[in-house]
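What follows is the residue order along each chain.
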Amino acid sequence: MTSTTTRSRSTARAAALGVLVIGLAAGCGGDSGSDEASAVEGPGASEEESGSAASDGASDDGASDDGATGADGGEAPGAGAVALPEDADLATEQLPITAEKAVEIGLGAAGGGELVQIEIDHDDDVWEWELEIVDGGRQHDLDIDATRGEVTEHDQDDVDDQDPAVDVTSPMPYAEAIEIALGKEPGRVSGWDLSSDDGRIRYTIDIDRSGGDDVEVEVDVETGEVRVDD
């Protein structure tokens, strides 16, 4: 009887020990699996977080770049530019808002159309572009500050007959017309105009002679013909 009881207790202890060993093994396996999962997930999570941070940084940089370049259109084209003095020579000095830029601004304000006249002169203490743009029977007269690029005046009216379109870059750029005019009459270029007269397109260059008087020199854009109007 004693022998049987002893064997039963031994068998019970062995079974209990087996259960404990299995439990410990299962526990160790769970920790290992957790550690492995952590080891796998850890770097991945870090990379995702790093990627997110990098993406956020790129977004911030992009927004900053847009602001710096004025992509939102909140800054005038000539913001911060220094105005030329009244006695500036347009043959040797360039206005902050060039003729090409003035035409671009004018067409944008008019909503399209064709340029039929452009003039630059110094008026009311500022250098100013004056443009005539025709779009579908509607004429736009615009004044544009040649330093800041601001449209200071914009009048509209109906027009029946459209004058020929003009181009400050073709077939004769205004710089070439100024050079031709100065070859005929040396002096300071105080302004110029590009328009048509009797169907012919001409530059009119205003030149202040060294003697104090001024003269207008007309240059035909097609032929290069020069005429001096005293």
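Q: How do you make sense of the pairing of strand β5 (residues 188-197) when you look at a structure like this?
A: Among the 10 residues of β5, eight are classified as buried, and the element is accordingly described as predominantly covered. Where β5 lies against strand β6 (residues 200-208), nine bridges are found, and the strand directions are antiparallel. Counterpart to Gly191 in the pairing with β6 is Asp206. Taking the residues between adjacent antiparallel strands as the criterion, β5 and β6 are bridged by two residues, where Asp198 takes a positive phi near 55 degrees.

Q: Even after reading the chapter, I still don't get the sheet that holds β5, so can you show me in this structure?
A: Strand order in the open sheet formed by eight strands is β4-β3-β2-β1-β5-β6-β7-β8, with antiparallel pairing between adjacent strands. Looking at the sheet topology across the chains shown, the edges are occupied by β4 (151-158) and β8 (226-229). For this sheet, the mean angle separating the axes of adjacent strands, direction not counted, is 20 degrees. Contacts from helix α2 (residues 99-110) reach β1 (114-123), β2 (126-135), β3 (138-145), β4 and β5 within the one sheet, and its direction differs from that of β2 by about 50 degrees.

Q: Can you help me understand the pattern of salt bridges in this one?
A: Pairing between side chains of opposite charge can happen when their charged atoms approach one another. A complete count under the given rule lists 10 salt bridges for this structure. With a shortest N-O distance of 3.1 Å, Arg227 and Glu218 are connected by a salt bridge. Residue Glu218 is classed as buried on the basis of its relative accessible area, which comes to 15%. A single salt-bridge network, built from bridges that share partners, covers Asp145, Arg148 and Glu150.

Q: I would appreciate a short explanation of the environment of Gln139 in the present structure.
A: Its place among the elements puts Gln139 in strand β3. Taking the C-alpha atoms as reference points, Gln139 and Ala110, separated by 29 residues in sequence, lie 8.9 Å from one another. The contact partners of Gln139, leaving out residues within four places of it in the chain, are Glu132, Ile133, Val134, Asp155, Gln156, Asp157 and Val159. A distance of 3.0 Å separates polar atoms of two side chains, one belonging to Gln139 and the other to Asp141.

Q: Can you walk me through α2 in this structure?
A: Note on helix geometry: an α-helix contains 3.6 residues per turn, so any two residues three or four positions apart are oriented the same way. Taking 1.5 Å per residue, 12 residues should reach 16 Å; α2 reaches 16 Å between its end C-alpha atoms and fits that length. Looking at α2, one finds that the buried residues are Ala99, Ala102, Val103, Ile105, Gly106 and Ala110. The buried residues of α2 occupy an angular sector of 165 degrees when the element is viewed end-on, so they sit on one face. As for α2, its buried residues are in contact with β1, β2, β3, β4, α3 (174-184) and β5. Where α2 ends, the next residue or the one after it, Gly111, has phi of about 80 degrees, a positive value.

Q: Sorry, what's going on with the packing of aromatic side chains here?
A: Pairs of aromatic rings are described using the distance from one ring centre to the other and the angle between the two planes. Within this structure, the stated rule accounts for three aromatic pairs. With a centroid separation of 5.7 Å and an interplanar angle of 65 degrees, the aromatic rings of Trp192 and Tyr203 are classed as edge-to-face. With Trp192 in strand β5 and Tyr203 in strand β6, the pair connects residues that are 11 residues apart, well separated along the chain. Both residues of the pair, Trp192 and Tyr203, belong to the buried class. Here the aromatic cluster, defined as three or more aromatic residues joined through ring pairs, consists of Trp129, Tyr174, Trp192 and Tyr203.

Here is what the cut-offs are and how they apply
Residues numbered from 1 in each chain as written. Predicted model: local features only at pLDDT ≥ 70, side-chain atom pairs only at ≥ 80, totals over all residues. Heavy atoms only, no water. Buried < 20%, exposed > 50% of the residue type's maximum accessible area, 1.4 Å probe, protein only. Helix = DSSP H or I, 4+ residues; strand = E, 2+ residues; numbered from the N terminus. Pairing = 2+ DSSP bridges. Axes fitted to C-alpha atoms, helices over the stretch in contact; angles between N-to-C directions. Contact = heavy atoms within 4.5 Å. Salt bridge = Lys/Arg side-chain N within 4 Å of Asp/Glu carboxyl O. Polar contact = N/O pair within 3.5 Å; in protein donor to acceptor, adjacent residues only side chain to side chain. Expected span 1.5 Å × (residues − 1). Arc of directions from axis to C-beta. Phe/Tyr/Trp six-rings, centres within 6.5 Å; stacked < 30°, edge-to-face > 60°.

Take it as geometry only, folks, not as evidence of what the structure does.
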